[in-house]
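The chain contents come next:
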Amino acid sequence: MPVGIFRVCLVVITAIVNHPLLFPKENGTVPENTEEIIQKMKEREESLRLEQLRLEQEIADQEAAQKALEKAAEIVEESKEEKVRWDMWTAFSMVIFLLIELWRQDFQEGNWQDTGGEEDDMAVLGKAFKGVAFPDKAVLASFYEKRILGTTGDMARMREMVEGFADDLLEALRSVCNRDADMEVEDCMGVGSMYENWRVRKPFVCDLIVPFAPPEPYCFRSQTWCSGDSFPPDEQGYGTIKVCRADEDVTGCICDKTKLGEDMLCLLHSQANTTRPSSEMEDLLCFKNTQYLDADQVMKWFQIAVTKAWNRISHKYEFDLSFSLLDSPGALKIKFRSGKSIAFNLTPVVQYENSDIYFISHFPRRGLAADLPSSTHWFLTFAVYERRFIQLVSKMLPPNACHVSCLQILSFLHGKQCSLTGPSGLTNYHLKTVMLHLLQARSSQDWAPEKLEARLQDMLKFLEKCLHEKKLYHFFIGNGKVPAELGFPIIFQRAEPLNLFRPFVLRRDVYRKTVDTFHEMLRNMSALINEYTVHVPLAHANGIHKESL
């Protein structure tokens, strides 16, 4: 109870003390301060409201930005996934494309190196043979013995005579040349049909090539179309030869490409080495104002040197020597007092690196031949490897194999037809290329002597196919199946195949003439062979065939 009374008294006292009438001076401005406080509260409330709105706007902007970033991240993620999918499809497509391309090349290679079965060839390639009477084995055997077999002995005697004279002539040539300034001439080599024993048409002509090298301190550096440098399609099969000092860097010094000024000197080269007078390079048979060997100047030098050499030894021989053809600078002719003559080609060549491939200064060409791009472009000849390949394969064939016989018969028929209807785009080199492909494609037993008729038909069908497609690939270039025993340079095996019939695509008139000549030859084949065939009974002819082959 006392506690309750105490609490009431405390409340009353507190109320009296805090009554506003007891402190009039201090509390006289209460009403005005209240209004000011209310006004400040309203202003504060308004500022807080504005701040709230601003914060809400910022929050909304941040949320929008976050959503935008999330959306962008989603888009990037989707693009990455799409890119990954696209890269996978691209890679997959490239793999498919490469597989198709490899298959196409293999299929193409198989087409030009493999003739397939005889029955399939007859169905696909034998269109031109419809209605053509093909000579039988007996007629072919009689023709081969009567017209071709007897020429082998004549070729051997002529080769021996020409080689002996050529060696003597080149020895005299070395004696008249300046050893310090002129080109150094090596021994000659025989190439072509005369040395592969398949030449059939007269006059017989021996082809000899003569390697030569520059005098010291110079050397030749060759460059081919398949060495990594860009050559246009019409220059494939050619190369250039640069005359350099033996101690000169292959890439060349910058002093050769930049004008250093009169007061500057190259530390790598002396002043004598940096300047090459034009007359000095021309003395080295280079094209004017260049370091590239000029085929025309080489042939002029060689003709002059041969003439001087002949003047030195002419008293030893009872015949005359002269240059026989204007369009073939290396063509020489021996004229005997009896009126007989012997023709042979003596052509200077440059060895390609350490191989038996040669740059030939002048290549007797016919049919599809086109002029050289320039006199600094040299044609490459693989004649030495072709001869070795034939010799290598012949060792694995049956005795008296018919591969050379087929080539001889085909060469004779084509030459005879051209003498009747005029020249065509086909050459004996094309015919030999066909034989080389078939030698590689067929087994050794397929070339047995009794299969002469079948293999001759194969060659004609293969040639028909190549004419139809306008594609006959060089045997060595791009051929990865060349026997390793030949030691053939790998750079040419890995090169793109060289189409010998490419000019047919550009010269339709020559192509039409060539095809017409080929078909005419097929139609006249029996008549051409029968013209030189002894007509004997069938049984006797078979006996002749066995004895001659």
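Residues numbered from 1 in each chain as written. Predicted model: local features only at pLDDT ≥ 70, side-chain atom pairs only at ≥ 80, totals over all residues. Heavy atoms only, no water.

To be explicit about the condition: UniProt positions are given in the numbering used here, feature names are shortened, and annotations may be inferred rather than shown by experiment.
The protein chain goes by Inositol 1,4,5-trisphosphate receptor-interacting protein in an unreviewed UniProt entry, where it is assigned to Cochlearius cochlearius. UniProt lists a comment for the protein chain under the heading Sequence similarities (unreviewed entry), and it reads "Belongs to the ITPRIP family." Here the protein chain is described in UniProt, under the heading Function (unreviewed entry), as follows: "Enhances Ca(2+)-mediated inhibition of inositol 1,4,5-triphosphate receptor (ITPR) Ca(2+) release."

Some details on the pattern of salt bridges
The test is simple: Any carboxyl oxygen of Asp or Glu within 4 Å of a side-chain nitrogen of Lys or Arg constitutes a salt bridge here. Think of it in three bands: residues with accessible area under 20% of the maximum for their type are buried, residues over 50% are exposed, and the middle band is partly exposed, with areas taken using a 1.4 Å probe on protein chains only. Helical segments are the DSSP runs of H or I of at least four residues, strand segments are the runs of E of at least two, and each set is numbered from the N terminus.
Applying the stated criterion across every chain, the model contains 15 salt bridges. Close ionic contact of Asp446 with Lys451 constitutes a salt bridge, the shortest N to O distance being 3.7 Å. Classification of Asp446 by relative accessible area gives buried; the value is 16%. For Arg512, the salt bridge goes to Asp516, with nearest N and O atoms at 3.2 Å. You can see Arg512 and its partner Asp516 sitting in helix 16 (residues 508–530), four residues apart, about one turn around the helix.

Focus: the packing of helix 13 (residues 452–469) against helix 16
Threshold: Helix axes are fitted to C-alpha atoms over the stretch in contact, other axes to C-alpha atoms as well, and angles between N-to-C directions run from 0 to 180 degrees. Angles below 35 degrees are treated as roughly parallel, those above 145 as roughly antiparallel, those between 65 and 115 as roughly perpendicular, and all remaining angles as oblique. Note: crossing handedness is left-handed where the near helix turns anticlockwise from the far helix by less than a right angle, and right-handed where it turns clockwise. Note on definitions: a residue-residue contact is assigned when non-hydrogen atoms from the two residues lie within 4.5 Å. Polarity classes work like this: nonpolar for Ala, Val, Leu, Ile, Met, Phe, Trp, Tyr, Cys and Pro, charged for Asp, Glu, Lys and Arg, and polar for all others, with Gly in that last group.
Where helix 13 meets helix 16, the axes come as close as 11 Å, and the angle between the chain directions of the two elements is 160°. Comparing their axes, helix 16 and helix 13 come out roughly antiparallel. In this structure, the crossing between helix 13 and helix 16 has a hand that is left-handed. In contact with Leu460, Leu463, Glu464, Leu467 and His468 of helix 13, helix 16 contributes Tyr511, Thr514, Phe518, Met521, Leu522 and Met525. The residue makeup of the contact of helix 13 with helix 16, split by class, is eight nonpolar, two polar and one charged.

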